[in-house]
Amino acid sequence: MKIGSGKHTGYGDVLFKAATFLSALIFSLAMAGVAFELARSSRLSIAKFGFGFLWSQAWNPVTQDFGALSSIYGTLVSTLIAMVIAIPLSLAIALFLVELAPPALSRWVGYAIELLAAIPSIIFGMWGLFVFAPFLADHVQPFLQKFGGFTPFFKGPPMGIGMMSAGIILALMVLPFTSAVMREVFSMTPPVLKEAAYGMGATTWETTSKVTVRFGAKGLMGAFFLGLGRAIGETMAVTFVIGNNHSISASLFSAGNSIASTLANEFTEASDPLYLSSLVELGLVLFAMTLLVQTIAHFWLRHLGKTTGGRQ
Amino acid sequence: MRTRSRARRVALDYAVRAASTVSALIGIFFLCWILVVVIHRGSAALNWDFFTKLPAPPGAEGGGLANAILGTLIMTAIAGAIGVPIGVLTGVYLSEYGRGGTFASLVRFTVNVMMGLPSIITGLFVYTMLVVTLGHFSGWAGAVSLVFIIMPIVAGTTEDMLRMVPDSMRESALALGAPSWRTTLGIVFRGAKVGLITGVLLAIARATGETAPLLFTSLNSPYWPGNLNHPTGNLTVTIFSYAMSPYPDWQQMAWGASLLITVGVLSMTILTRLALVRKG
């Protein structure tokens with residue numbers, strides 16, 4: 001390579017460094033910008049409803065009365081269903097990939113699971129609305145109602161669309177992320193520890209539950225937060241299948257809404273300033289929720305990297 | 001450890017092994033289910049008109065989504081042209097200049113947060129920033145909202161990939177008298193080439209499949225994307241509105257568009273995977 005003369009190098013270095021610094025600055029400004037813009041655009045709604053917005057169940061564009069409770073409830077419940085399914089499933093998948101499958105099989109199965117993450121949200125939505133929800137309504141939900149109908153969770157007509165299908169689809173969407181982190185955590189466990197357990201006659205499961213999981217407990221928490229962050233703001237897939245109804249019901253069969261689905265559905269139709277402002281405030285609430293989860297995940301994983309000698 | 005009979009412990013172990021194998025199969029099963037449905041229903045909608053004609057009203061014969069295909073390509077290209085350089089330069093800053101500094105850790109934090117930010121929030125942000133200010137939905141606003149998808153992914157992978165280049169290579173270049181910007185662009189980039197391209201392709205693939213950021217920015221349009229100051233047609237928002245419509249022929253078109261998006265995004269993803277495998 002050609003080497004520049006001393007005079008010009010300093011100039012180029014300063015320019016290049018400035019360009020990289022400016023780009024980095026854009027990130028911090030954009031982040032601050034998001035918070036500022038959302039707060040500014042929801043001022044009408046904040047002034048009118050105050051903190052009551054968060055626990056008011058009203059949502060009536062005609063009487064101009066808005067509250068976030070049903071959307072927050074739907075967001076939390078669909079995310080909870082997703083995590084309850086995704087965490088054990090991805091733990092089992094990670095166990096299969098790291099401990100059980102022969103390396104060649106493990107690689108291909110790993111790719112397949114990763115590929116789930118590449119499928120766009122809207123495709124999950126199409127499949128969910130036209131294929132999966134009808135399947136649930138015809139084959140799964142009647143069965144659940146028959147055997148679990150006495151609980152409040154399986155009441156009402158089995159329509160397919162609702163909290164349950166939203167939660168299951170969200171679980172499929174976060175699965176690749178959580179299982180990837182868990183897989184890494186599993187393979188980080190020093191072989192000596194595992195061999196010691198095996199040497200004492202422990203079975204694969206005993207080694208996993210008593211050694212690997214304990215050694216990587218913090219990393220598994222990180223996987224949980226990562227999945228949580230993904231699920232909480234997922235928009236299109238949820239919008240397709242959740243049913244978009246501003247109501248709170250304990251039944252998993254009933255239609256509900258999430259913050260993201262409310263935004264996707266109603267934003268372009270909202271013409272009134274207070275209506276729009278309330279929708280933006282919903283966005284602000286979602287922003288605050290994800291920021292909290294992301295912040296915990298970020299510092300948790302960083303702390304983890306320090307204590308286990310990894311980077312970041 | 002409680003004492004249990006060996007038979008019971010082994011039986012439990014087999015049960016867990018079986019459950020974990022079944023879990024892996026469940027993951028693959030859903031992947032295949034989704035792909036088969038999209039290919040099966042989508043291929044019925046694809047024909048020459050689909051790629052060359054403008055949308056037809058419901059009930060009318062023929063018609064295609066040529067404008068939406070073009071709109072998606074244009075907006076993604078513009079977003080890439082803006083987002084990739086910013087992302088790469090930020091990655092360079094984090095890896096080469098600000099390794100341990102306070103500002104760098106702040107930026108690293110915002111990159112991470114932005115990567116996990118729901119895409120509908122970026123759409124909302126660009127709406128309040130551009131659409132409200134300018135007074136109309138536009139293709140430009142759509143492209144800008146996609147920039148916020150591309151930027152953090154590229155920045156994150158760039159930092160990771162550059163960090164994998166050993167410091168001895170930097171030191172050799174500097175010892176030969178190369179200025180640090182040439183060291184970065186000529187030596188470190190060359191070492192991390194495959195990884196950098198992978199990050200860029202992944203980011204573009206993600207942006208191509210995004211819907212939520214476009215909902216309130218570019219909106220959608222049944223016309224050719226001639227002027228980006230107007231609402232601009234795109235595949236993903238078209239899928240959303242056609243799927244929610246009561247017309248079977250529009251829903252059919254939505255499946256066609258779904259197949260196109262899925263094939264595009266997955267082939268880009270697989271390509272990057274192959275590149276990484278060949279390198280490793």
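Thresholds, definitions, all that
- Residues numbered from 1 in each chain as written.
- Chains lettered and ligands numbered in written order.
- Predicted model: local features only at pLDDT ≥ 70, side-chain atom pairs only at ≥ 80, totals over all residues.
- Helix = DSSP H or I, 4+ residues; strand = E, 2+ residues; numbered from the N terminus.
- Rg over C-alpha atoms; globule rule 2.2 N^0.38 Å.
- Buried ≥ 20, exposed ≤ 12 C-beta atoms within 10 Å, placed from the backbone.
- Contact = placed C-beta atoms within 7 Å.
- Nonpolar A, V, L, I, M, F, W, Y, C, P; charged D, E, K, R; others polar.
- Core = buried A, V, L, I, M, F, W, Y, C linked by C-beta atoms within 7 Å.
- Domains from an automatic or database assignment.
- pLDDT = per-residue confidence, 0-100.

**Q** Would you take a moment to explain the overall build of chain B for this structure?
**A** Helix and strand content of chain B: twelve helices and zero strands. Reading the helices (α) and strands (β) of chain B from amino to carboxyl end gives α-α-α-α-α-α-α-α-α-α-α-α. By the compact-globule yardstick of 19 Å for 280 residues, chain B is too spread out, its C-alpha radius of gyration being 24 Å. Taken along the three principal axes of its C-alpha coordinates, chain B extends 70 × 65 × 35 Å. Within chain B, the proportion of its 280 residues that are buried is 52%. Looking at chain B alone, contacts between residues at least 24 apart form 72% of all its contacts between residues at least 6 apart.

**Q** Explain the overall build of chain A to me, please; I cannot follow it from the model alone.
**A** Scanning chain A from N- to C-terminus turns up 13 helices and two strands. On the principal axes, the C-alpha backbone points of chain A span a range of 65 × 65 × 35 Å. Classification of the 312 residues of chain A by burial places 48% in the buried group. Considering only intrachain contacts with a sequence separation of at least 6, the fraction spanning at least 24 residues in chain A is 75%.

**Q** Just checking my understanding: could you explain the interface of chain A and chain B for this structure?
**A** When the parts of a complex come together, some accessible area is lost, and that lost area is often used as the size of the interface. At the interface, 68 residues of chain A touch 71 residues of chain B. Elements supplying a minimum of two residues to the side of chain A that touches chain B: α1 (6-41), α4 (69-100), α5 (103-118), α6 (121-148), α7 (163-188), α9 (204-215), α12 (259-266) and α13 (273-307) of chain A. If you tally residues by element for the side of chain A that touches chain B, the top one is α1(A), at 20 residues. Each residue belonging to the side of chain A that touches chain B can be placed in one class, and the counts come to 45 nonpolar, 19 polar and four charged.

**Q** Got a minute to help me understand the nonpolar core in this structure?
**A** Counting residues in each nonpolar core, the largest one holds 169 residues, and the members touching the most others are A:Ile169, A:Val241 and B:Ile150. For this core, the element with the highest residue contribution is α7(A), accounting for 17 residues. Ignoring anything within four residues of it in the chain, the contact list for B:Ile150 reads B:Ala79, B:Gly80, B:Gly83, B:Val84, B:Gly87, B:Ala203, B:Ile204 and B:Ala207.

**Q** What should I look at first to understand unusual backbone geometry in this one?
**A** What you tend to see is this: most non-glycine residues have negative phi, and most peptide bonds are trans. Despite not being glycine, A:Asn244 has its phi angle at roughly 50°, a positive value. Summarising the element assignment, A:Asn244 is placed in the loop between α11 (236-241) and α12. The partly exposed category is assigned to A:Asn244, around which 19 C-beta atoms lie within 10 Å. Not every positive phi belongs to a glycine, and B:Leu219 is a case in point at roughly 55°.

**Q** Which parts of the structure should I look at to understand α12(A)?
**A** Residues that lie three or four places apart on an α-helix share one face, since the helix turns once every 3.6 residues. Burial within α12(A) is extensive, with six of its eight residues counted as buried. If you check which residues of α12(A) are buried, you get A:Ile259, A:Ala260, A:Ser261, A:Thr262, A:Leu263 and A:Ala264.

**Q** Mind showing me how you'd approach the domain arrangement of chain A here?
**A** Residue and element names in this part refer to chain A. For chain A, the assigned domains are domain 1 (6-41) and domain 2 (46-307). Using C-alpha coordinates to define each centre, domain 1 is positioned 34 Å away from domain 2. Taken together, the contacts link five residues of domain 1 with five residues of domain 2. A per-class count over the side of domain 1 that touches domain 2 returns four nonpolar, one polar and no charged.

**Q** Just to check I follow, could you spell out the confidence of the model for chain B for this structure?
**A** Caution applies to low-pLDDT parts of the model: their predicted coordinates are not meant to be read in detail. Predicted confidence across chain B gives a mean pLDDT of 93, with 98% of residues reaching 70 or more. Two summary scores accompany this predicted model of the complex, namely pTM at 0.93 and ipTM at 0.94.

**Q** Would you mind showing me how to read the confidence of the model for chain A here?
**A** When pLDDT is averaged along chain A, the result is 89, and 95% of the positions lie at 70 or above. For the stretch residues 1-7 of chain A, pLDDT sits under 50, and the model shows ten contacts to residues farther than four places along the chain or on other chains.

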